[in-house]
Amino acid sequence: GDVAAAKAVAAEVKGLRNASRMRVDRRFDPVLAEAPQLGDYKAQAARLLESLRAKQKAAPRAMPLRVSIAEEMVLLGDYAAALDFIDETLAGMRGADEDAWQSPEYAAFLLRARASANLRQGKAQQAIEDFEMASMFVPPNGVDIPRLMLADKLCDLGRPKDAEEAAKVDTRNIPWPTQVRQLVRACAAAGVGDTARARALADGLRE
C-alpha cells in the first residue's frame, strides 16, 4: 500500500517485459496512475537497451549481455537490427577461441531470438531452420526447448504430424516443458481430427 515507495522502485525498472507486467497487473494501478510513463513499454525497452549497450562497451564479449540485447530488440520489433546483431555475434562465436564466447547455450538463445524475429516477419521456413539449428546447441543434460518451440510453431502452421514428431522431447518431468509438450500433442491431435484425444490431453493440463 506504500505507493510512493513502490513508485520509487518502479522508476528503476527497465525493459519491455517488466513494463508490460505492470500494465496488466492491477496491483500496479496506483503507481501507473501517478507515473504512467513507467508503463510505456517502448520507452522502457529503449531504456534497457541503452543500459545493456553501455555495459557491452565495457565487456564486448559478454554473451549474456549480447543475448539480452538481441531478445529486447526482437521484443521491440526492431527485427532488421536484431538479425544483424545476432548474425554478427554468431559469426564472432565461430571464430573465437574462448570457452565463454563459444558456449553452446548462448548460441541456442541467439538462434531462438532469430527464429522469433523471422516468425514475426512471416518468414516461417527460416524460423523453422533457426529452431532446428538451436536444437543442435542444447547440452546433453538439458531439455530441448528449441525443439518444443518448433513443435508449437509447426502446429500453428497447420502441420500437426510434424508437430507431434518434433514434440518427442525428454522434458525430464520439469513442469513447464512437460506442459508445453502436452499442449502441442493436444493441438496435433485436434489437427488430425482426433477430438477425443485432444480433449483428454487438454483436460490433463487443467490439473
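The residue numbering used here restarts from 1 in each chain and proceeds along that chain's sequence as written. Whole-chain, interface and lining totals are the exception, using all residues; otherwise, since this is a predicted model, local features are given only for residues with pLDDT of at least 70 and side-chain atom pairs are given and counted only at 80 or more. The basis for every side-chain value is the complete set of heavy atoms in the structure, and neither hydrogens nor water enter the calculation.

**Some thoughts on the pattern of salt bridges**
Close approach of charged atoms lets side chains of opposite charge pair. By convention in these notes, a salt bridge is any Lys or Arg side-chain nitrogen within 4 Å of a carboxyl oxygen on Asp or Glu. Throughout the structure, instances matching the rule amount to 12 salt bridges. For D152, the salt bridge goes to K153, with nearest N and O atoms at 4.0 Å. Residue classification places K153 among the partly exposed positions, given a relative accessible area of 25%. Three or more residues joined by partner-sharing salt bridges are found here, namely D87, R114 and D130. Per-residue accessibility, obtained with a 1.4 Å probe over protein chains only, is compared with the maximum for each type, and a residue is labelled buried under 20%, exposed over 50%, and partly exposed between these values.

**Concerning the layout of surface pockets**
The calculated volume of the largest pocket comes to roughly 240 Å³. As defined here, a cavity is a set of points on a 1 Å grid over the protein atoms alone where a 1.4 Å probe fits but cannot get out. A pocket is an open set with protein on both sides within 12 Å along at least five of seven lines, and residues line them when an atom is within 4 Å of a point. For the largest pocket, the full set of lining residues is R17, E71, V74, L75, F109, R112, A113, S116, R120 and M149. Numbering goes from the N terminus for both helices and strands, where a helix is a DSSP run of H or I of at least four residues and a strand is a run of E of at least two. For the lining of the largest pocket, the elements supplying multiple residues, two or more each, are helix 5 (63–76) and helix 8 (104–120). Residue contributions to the lining of the largest pocket peak at 5 residues, all from helix 8. In this classification, Asp, Glu, Lys and Arg are treated as charged, Ala, Val, Leu, Ile, Met, Phe, Trp, Tyr, Cys and Pro as nonpolar, and every other residue, Gly included, as polar. Considered class by class, the residues forming the lining of the largest pocket number 5 nonpolar, 1 polar and 4 charged. Grid points are joined across faces, edges and corners, and a volume is the space filled by probe spheres set on the points.

**Some remarks on the state of the cysteines**
Here, a disulfide means two cysteine sulfur atoms that sit within 2.5 Å of each other. Enumeration according to the criterion identifies 1 disulfide in this entry. Residue pairing for C155: its cysteine sulfur links by disulfide to C187, the two sulfurs lying 2.0 Å apart. On the S-S bond that ties C155 to C187, the torsion sits near -115 degrees, and the link is left-handed. Taken together, the positions of C155 in helix 10 (residues 145–156) and C187 in helix 12 (residues 175–191) put the pair 32 residues apart, joining distant regions of the chain. The class for C187 is partly exposed, based on a relative accessible area of 30%.

**Some thoughts on the nonpolar core**
Membership of the largest hydrophobic core comes to 22 residues, with the highest contact counts inside it found for I69, M73, I86, L90, M93 and L110. Of all the secondary structure elements, the ones that give two or more residues to this core are helix 4 (41–58), helix 5, helix 6 (79–94) and helix 8. It only takes one pair of heavy atoms within 4.5 Å for two residues to be counted as in contact. Setting aside residues up to four positions removed in sequence, I86 forms contacts with A70, L110, A113 and R114. To form a nonpolar core, buried Ala, Val, Leu, Ile, Met, Phe, Trp, Tyr and Cys residues must be joined to one another through side-chain atoms within 4.5 Å.

**Topic: the environment of L90**
With respect to the element layout, L90 can be found in helix 6. L90 gets classed as buried once you look at its relative accessible area, which sits at 8%. Discounting chain neighbours no more than four positions away, the residues touching L90 are A107, L110, L111 and R114.

**Structural notes on the environment of A19**
For A19, the location among the structural elements is in helix 2 (residues 16–24). Residue A19 is classed as buried on the basis of its relative accessible area of 0%. Taking the C-alpha atoms as reference points, A19 and A107, 88 residues apart in sequence, are found 27 Å from one another. If we skip the residues at most four places from it in the chain, A19 touches L38, G39, D40, Y41 and Q44.

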